[in-house]
Amino acid sequence: MGAADKDVVEEILLGDLNEVGEIADSGEWASRHSVDHGVLCDVIKSLSGFELVDSKELSRESWFLEREGEEYVENGSAEMQVFLAVPPEGITLPDLKAKVGDKLLNVGQKNAMKNGWIVMQKPLMKRKVAEAEDIVRSQLVSIKDGQEVSPDVIKDLKKRNLIARKLWKGYEVCKGPKYALKRSKPATDVTREMLQTGAWKEQEFKAYNFEALGFPISGGYLHPLLKVRAQFRKIFLNMGFEEMPTNNFVESSFWNFDVLFQPQQHPARDSHDTFFLKTPATTVELPEDYLQRVKTMHEVGGHGSIGYGYDWKREEAEKNLLRTHTTAVSSRMLYKLAQEKFVPKRYYSIDRVFRNEAVDRTHLAEFHQIEGVVCDRGLTLGDLIGVLNEFFGRLGIKKLRFKPAYNPYTEPSMEIFSYHEQLKKWVEIGNSGMFRPEMLLPMGLPPDVNVIAWGLSLERPTMILYNIDNIRDLFGHKVDLEKVKSNPICRLGI
Ligand SMILES: N[C@@H](Cc1ccccc1)C(=O)O
């Protein structure tokens, strides 16, 4: 309904009020004047605002048409539509189906046959009567108009899901203090024209409504990932870990792969798994002496290792990429530590990493990794298991299991599993290991120093904690903002 309809309804309403003084029930009035009750309510609300009328809200339980009921009012009941689709000479069932569609045919055919309107004379469906009366539609129209219908009719229509009982809202209306047959439209703003022509002197203005509430202020929100990240950060800090600087999204293959003793032919270094950069395509300033030691370790080994025995290429190490794991952050940090006088350290990082992967419900091309690293003399696998139990225990994850795994840079390596109480199974939550001497010795760390480390994604525990089963609701361009908005920084007391 457009503004024009509202104007017409308003005119009739104000006219009628002048004659009868008051309208006891907007619903009854609307059906008597054949106007839409929703439009009438809008008009009453607006007239009340300008005090042309006084209104009192009414509400009662009433029958309303469901969508299908509305459709029948518009196009006739299913049985009538089927009846009309049967031509006097008859029609085969497939043709009838093609004409009215599956859904309508199911309901309509049954009722039309029951009403004795049509009959099956194989192979044709034929009319049994020349004309039929659409009683169901008339009943629906009566209900829509708020007229009384018998309990039996209500029962039938309800059974067919054509009507439902809902709360009806309407008004009782009488003349207001500023009642007039026609409303003069007071202006809401002073315009330039009014000032130029002086029309503002005569113009009536709408009073300010100081009672009106403004829109509630939208506060700040914390993304679930940020909240879980803060939780992890707290655990690390309480356990005496320092945060590593993580500002390089763009990293050279050298720090991401080579220093980690990852051979240059390793499948992870394929562009299918890694995003390489076009500009700048390479990093040339790499620590020269260290680079030589890394090269030697890959080619021929040393310190008891036999290396990989291939031609290590500098160009491969210089290639820029988006770091594929935060272990690149750890490798830079450990190298830095090795350049100073060694002291035991505990480091952690939580930041973004990138993988050239097919995106699905549980994978994104970018996500966050959490990494913990402990360096000290004489560390063992037992220390790693102990630290992992402590770390995950502080998160509330008590049952851990470890499975031997392989990483080029750790030996031994272990996948970490935790028992998922809801899923009733062991799920993988991280990866860990002791960094290999082939990685640590070329850095220049003392030979008796061991480094234990582990990594996990931030998204997986967040999804479990927040009951989110599609990672795209959590991160990326399709984030479910409602989920974010249910995490306000502070709650307003309204
Ligand atoms: N970098 C590994 C995780 C890891 C970190 C540290 C030690 C061992 C493994 C990964 O991306 O899955």
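Residues numbered from 1 in each chain as written. Predicted model: local features only at pLDDT ≥ 70, side-chain atom pairs only at ≥ 80, totals over all residues. Heavy atoms only, no water.

Taking an unreviewed UniProt entry as the reference, the chain is identified by name as phenylalanine--tRNA ligase belonging to Marchantia polymorpha. What the UniProt record of the chain gives under Cofactor (unreviewed entry) is the line "Mg(2+)". Recorded under Catalytic activity (unreviewed entry), the UniProt text for the chain is reproduced unchanged: "tRNA(Phe) + L-phenylalanine + ATP = L-phenylalanyl-tRNA(Phe) + AMP + diphosphate + H(+)". (UniProt positions renumbered as here; feature names shortened; annotations may be inferred.)

K.L.:
Whenever I open this one, the overall build of the chain confuses me. Can you help?
P.N.:
Within the chain, the regular secondary structure consists of 19 helices and 15 strands. The globule rule puts the C-alpha radius of gyration for 494 residues at 23 Å, and the 38 Å found for the chain is more than 25% above it. For the chain, the spread of C-alpha atoms along the principal axes amounts to about 105 × 85 × 45 Å. The buried share of the chain, reckoned over its 494 residues, is 41%. The contacts in the chain between residues at least 6 apart in sequence include a share of 70% that link residues at least 24 apart. Entry remark: accessible area of the chain is about 28,200 Å², with carbon and sulfur atoms responsible for 52%. For the chain, the distance from the average position of its 67 positive side-chain charges to the average position of its 71 negative side-chain charges is 4 Å. (Helix = DSSP H or I, 4+ residues; strand = E, 2+ residues; numbered from the N terminus. Rg over C-alpha atoms; globule rule 2.2 N^0.38 Å. Buried < 20%, exposed > 50% of the residue type's maximum accessible area, 1.4 Å probe, protein only. Contact = heavy atoms within 4.5 Å. Areas by Shrake-Rupley, 256 points an atom, 1.4 Å probe, with all protein chains shown as cover. Lys, Arg positive; Asp, Glu negative; His and termini not counted. Charge placed at Lys NZ, Arg CZ, Asp CG, Glu CD.)

K.L.:
Teacher, can you tell me more about unusual backbone geometry here?
P.N.:
What is expected of a backbone is that most residues other than glycine have negative phi and most peptide bonds are trans. For the bond running from Lys 122 to Pro 123, omega is 5 degrees, close enough to zero to count as cis. By the secondary structure assignment, Pro 123 is in the loop between β4 (118-121) and β5 (124-127). Backbone torsion omega between Thr 279 and Pro 280 reads -10 degrees, so that peptide bond is classified as cis. Here Glu 51, not a glycine, exhibits a phi torsion of approximately 60 degrees, which is positive.

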